[in-house]
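For reference, the chains in residue letters:
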Amino acid sequence: MTFTVYIDTISGDFSCLRAIFRLKRDVGFHIAQTYIPTSLALMFSWVGVWLPEEFMEGRIGVAITVLLTLSTESAGAREHLPSVSYLKAIDLWFGYITGFVFFTLLQTLFVIGFDKRASQLRKWATKKRSEVSQEARDSMMSKAIRYHKTGRYLDNFCRVFYPLSFLMFLIMYYFVYTEGRQDDCISSRTH
């Protein structure tokens, strides 16, 4: 930050006082105590998309555990910071991470719904042989296959989408929010 005071005289503008303050925060504490653990927790929530469809309860358990861990971590990080009326970088970080884990939980619930519907249709198609025509059974089996494939497609898509979107967020967070102009409200010349 540079402050310069100018004096207007008959012979011209002359600066009479100049002070330069260079302030730099040590972010090592927050990187070690907040950013790395929450990033690892977020990455742990991605494990669900790599689990087979038989482990649906484990997928939900992982996402809920990570959500609870993030809420505890968020409360602990905010405890050491002053209360202010504007959005801080750490608030943006925790908001994104929590939203991302919540999205993984929703994705898991959608995949579970697709798999349950597929198994239900398969069961109906094999159980009701005498009550339903062959054409209706074939239709149910093709719907079951489509539901199952949709769930697998969603998992495969998220295996790529999650890391790429987190990487994009990290780049934007670093360059735009934390390294952006912090002196927008201070004019460069004070008269």
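No experiment lies behind these values; they were computed from the predicted model shown. (Residues numbered from 1 in each chain as written. Predicted model: local features only at pLDDT ≥ 70, side-chain atom pairs only at ≥ 80, totals over all residues. Heavy atoms only, no water.)

## Describing the overall build of the protein chain
Argument step 1. Across its full length, the protein chain carries four helices and two strands.
Argument step 2. Expressed as a percentage of the 191 residues in the protein chain, the buried residues total 27%.
Argument step 3. Across the protein chain, contacts joining residues at least 24 apart in sequence account for 69% of those joining residues at least 6 apart.
Argument step 4. Approximately 13,400 Å² of the protein chain is accessible, and the part contributed by carbon and sulfur atoms is 64%. (Helix = DSSP H or I, 4+ residues; strand = E, 2+ residues; numbered from the N terminus. Buried < 20%, exposed > 50% of the residue type's maximum accessible area, 1.4 Å probe, protein only. Contact = heavy atoms within 4.5 Å. Areas by Shrake-Rupley, 256 points an atom, 1.4 Å probe, with all protein chains shown as cover.)

## As for the UniProt feature "transmembrane region" (unreviewed entry) in the protein chain
Argument step 1. Per the UniProt entry, the sites bearing "transmembrane region" (unreviewed entry) are residues 27–49, 93–114 and 156–176 in this numbering.
Argument step 2. Across residues 93–114 one finds 100% helix and 0% strand; the C-alpha atoms that close the span lie 32 Å apart.
Argument step 3. The distance from the first to the last C-alpha atom of residues 156–176 is 30 Å, and the span holds 100% helix and 0% strand. (UniProt positions renumbered as here; feature names shortened; annotations may be inferred.)

## Looking at the layout of surface pockets
Argument step 1. What the second largest pocket holds in volume is close to 190 Å³.
Argument step 2. As for the second largest pocket, its lining consists of Glu53, Glu54, Met56, Glu57, Ile60, Ile112, Asp115, Lys116, Ala118, Ser119, Arg122 and His148.
Argument step 3. Elements that contribute at least two residues to the lining of the second largest pocket include exactly helix H2 (56–79) and helix H3 (89–127).
Argument step 4. Sorting elements by how many residues they give to the lining of the second largest pocket places H3 first, with six residues. (1 Å grid on protein atoms, 1.4 Å probe; cavity = no way out; pocket = protein on both sides within 12 Å on 5 of 7 lines; lining within 4 Å. Points joined across faces, edges and corners; volume = space filled by probe spheres on them.)

## As for the environment of cysteine 158
Argument step 1. Structurally, cysteine 158 is set in helix H4 (residues 134–178).
Argument step 2. Cysteine 158 gets classed as buried once you look at its relative accessible area, which sits at 1%.
Argument step 3. Residues cysteine 158 and threonine 104 lie 54 residues apart in sequence; the distance between their C-alpha atoms is 8.6 Å.
Argument step 4. When neighbours within four sequence positions are excluded, cysteine 158 is seen to be in contact with Val49, Gln107 and Pro163.

## Some thoughts on helix H1 (residues 28–45)
Argument step 1. Its 18 residues place the ends of H1 25 Å apart at the C-alpha level, agreeing with the 26 Å of an ideal helix rising 1.5 Å per residue.
Argument step 2. Tyrosine 35 marks where H1 bends most, by close to 30 degrees; the proline proline 37 follows one to four residues later.
Argument step 3. For H1, every residue scored as buried is listed here: Thr34, Tyr35, Thr38, Ser39, Ala41, Leu42 and Ser45. (Expected span 1.5 Å × (residues − 1). Bend = angle between axes of the 7 residues up to and from the residue.)

## Points about the confidence of the model for the protein chain
Argument step 1. On average, residues of the protein chain score 82 in pLDDT, and 81% of them reach the 70 mark or higher.
Argument step 2. Taken as a whole, residues 183–191 scores under 50 in pLDDT and shows seven contacts with residues more than four places along the chain or in a different chain. (pLDDT = per-residue confidence, 0-100.)

## Some words on a nonpolar patch on the surface
Argument step 1. On the surface, Leu167, Leu170, Ile171, Met172, Tyr174, Phe175 and Val176 cluster together to form a nonpolar patch covering roughly 710 Å² of accessible area.
Argument step 2. Relative to the elements of secondary structure, tyrosine 174 occurs in helix H4.
Argument step 3. Overall, tyrosine 174 belongs to the partly exposed group, its relative accessible area being 43%. (Patch = residues over 30% accessible without salt bridge, like charges linked within 9 Å, V, L, I, M, F, W, Y side chains within 5 Å. Salt bridge = Lys/Arg side-chain N within 4 Å of Asp/Glu carboxyl O.)

## Side note on the nonpolar core
Argument step 1. Counting residues in hydrophobic clusters, the biggest one holds 23 residues, and the most contacted among them are Leu42, Trp93 and Phe166.
Argument step 2. Counting only elements with at least two residues in this core, the list comes to H1, H2, H3 and H4.
Argument step 3. For this core, the element with the highest residue contribution is H3, accounting for seven residues.
Argument step 4. Not counting chain neighbours up to four residues away, the residues in contact with leucine 42 comprise Ile97, Phe100, Val101 and Phe166.
Argument step 5. In terms of nonpolar packing, the next biggest core, distinct from the first, is built from six residues, Leu121, Val132, Met140 and Ala144 among them. (Core = buried A, V, L, I, M, F, W, Y, C linked by side-chain atoms within 4.5 Å.)

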